[in-house]
Amino acid sequence: MVVDDHPMWREGVARDLTEAGHLVVATSGEGRQALRVAPAARPDVVVLDLQLPDIPGVEVILGLRAALPEVRVLMLSASGEPQSVLDAVKAGATGYLVKSTAPAEFLDAVRRTAAGEPVFTPGLAGLVLGEYRRLAAEPATSRDAAPRLTERETEVLRLVAKGLSYKQIAERLGLSHRTVQNHVQNTLGKLQLHNRVELTRYAIERGLDD
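It should be emphasised that the depicted structure is a prediction, and the values quoted were computed from it without experimental measurement. (Residues numbered from 1 in each chain as written. Predicted model: local features only at pLDDT ≥ 70, side-chain atom pairs only at ≥ 80, totals over all residues. Heavy atoms only, no water.)

**Points about the sheet that holds strand β4 (residues 72-77)**
(1) Moving on: With parallel pairing, the five strands of this open sheet are ordered in space as β2-β1-β3-β4-β5. The strands lining the two open edges of the sheet, one partner per strand, are β2 (27-28) and β5 (95-98).
(2) Moving on: Pairing between strand β1 (residues 2-3) and strand β3 (residues 45-48): two bridges, direction parallel. When the sheet's bridge partners are listed, Val2 is paired in β3 with Val47. (Pairing = 2+ DSSP bridges. Helix = DSSP H or I, 4+ residues; strand = E, 2+ residues; numbered from the N terminus.)

**Observations regarding the pairing of β4**
Consecutive residues of a regular strand have side chains that alternate between opposite faces of the sheet.
(1) Moving on: Within β4, six of the six residues are buried, which leaves the element mostly enclosed by the surrounding structure.
(2) Moving on: Where β3 lies against β4, four bridges are found, and the strand directions are parallel. Counterpart to Leu48 in the pairing with β4 is Met75.
(3) Moving on: Where the polypeptide runs from β3 across helix α3 (residues 57-67) and back to β4, its parallel neighbour, the crossover connection is right-handed. (Buried < 20%, exposed > 50% of the residue type's maximum accessible area, 1.4 Å probe, protein only. Right-handed = clockwise from strand over helix to strand, strands pointing away.)

**Digging into the packing of helix α7 (residues 151-161) against helix α8 (residues 166-173)**
(1) Moving on: Orientation of α7 relative to α8, taken along the N-to-C sense of each, is 130 degrees, at an axis distance of 10 Å. Classed by the angle they form, the pair α7 and α8 counts as oblique. Two packed elements cross with a definite hand, and for α7 against α8 that hand is right-handed. Contacts from Arg152, Glu155, Val156, Leu159 and Val160 of α7 reach α8 at Ile169, Arg172 and Leu173.
(2) Moving on: The residue makeup of the contact of α7 with α8, split by class, is five nonpolar, no polar and three charged. (Axes fitted to C-alpha atoms, helices over the stretch in contact; angles between N-to-C directions. Parallel < 35°, antiparallel > 145°, perpendicular 65-115°, else oblique. Left-handed = near helix turned anticlockwise from the far one by under 90°. Contact = heavy atoms within 4.5 Å. Nonpolar A, V, L, I, M, F, W, Y, C, P; charged D, E, K, R; others polar.)

**Remarks on the side chain of Thr94**
(1) Moving on: Along the chain, Thr94 turns up in the loop between α4 (82-91) and β5.
(2) Moving on: The contacts of Thr94, once residues within four sequence positions are left out, are Arg72, Val73, Thr113, Gly116, Glu117, Pro118, Val119, Phe120 and Val197.

**Overview of the packing of α3 against α4**
(1) Moving on: Between α3 and α4, whose axes approach to 9 Å, the crossing angle comes to 15 degrees. The orientation of α3 with respect to α4, classified from their angle, is roughly parallel. The chirality of how α3 crosses α4 is right-handed. Judged by residue contacts, Val58, Ile61, Leu62 and Arg65 of α3 engage Asp87, Ala88 and Ala91 from α4.
(2) Moving on: Taken together, the residues of the contact of α3 with α4 break down into five nonpolar, no polar and two charged.

**Examining the environment of Leu17**
(1) Moving on: With respect to the element layout, Leu17 can be found in helix α1 (residues 7-19).
(2) Moving on: The contact partners of Leu17, leaving out residues within four places of it in the chain, are Val2, His22, Val24, Phe106, Leu107 and Val110.

**A few points about helix α2 (residues 31-41)**
(1) Moving on: Along α2, the residues that are buried comprise Gly31, Ala34 and Ala38. All buried residues of α2 lie within an arc of 40 degrees about the axis, which places them on one face of the element. For α2, the exposed residues lying more than 90 degrees away from the buried face are Arg36 and Ala40.
(2) Moving on: For α2, the elements touching its buried residues are β1, β2 and α3.
(3) Moving on: Where α2 terminates, the next one or two residues include Arg42, which has phi positive at roughly 50 degrees. (Arc of directions from axis to C-beta.)

These values are about where atoms sit, not about what they do.
Pasting the structure below:
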């Protein structure tokens, strides 16, 4: 699903996605309309602009995640301001690209977003990781006992925290890409987390990124 208030840009993105073999189930130029349409369209990935004419993109993210907990949101915005990026990720965005991103990189980012991988324009990934390090350094009011992970799940989690892609983890551990995905999904389920960004924060809080 593509949500952007500029008709030519919205149609161009939808066309690129269709030509690359993706099914565009809906498009919208407004946040409230997107929230009305999404539950029936049930997109796997929403490509969302941050600046919309009616409500902020962050509010749209929160609404999408509430209606469709499994949806992946890829921000595609003209703004690369650090606070905009952090606000979007904290609201539940899986990734964040600026609109100057090359078409091939954008299409690759959509595929990776659908697989649950966090995707960021170069330079923004370090910003997000730095923020999670800062939050992890803050004293927690309480810490529940960590669920028991298998040795392999812990190994995969450690590599996720280091920022490796699923492909890189698979190559390093001699596993298939699908097996790595399964380990990540099992770990998310055990920890009651929703995406890889939350998983990374969990790992950093426990020092697994060293």
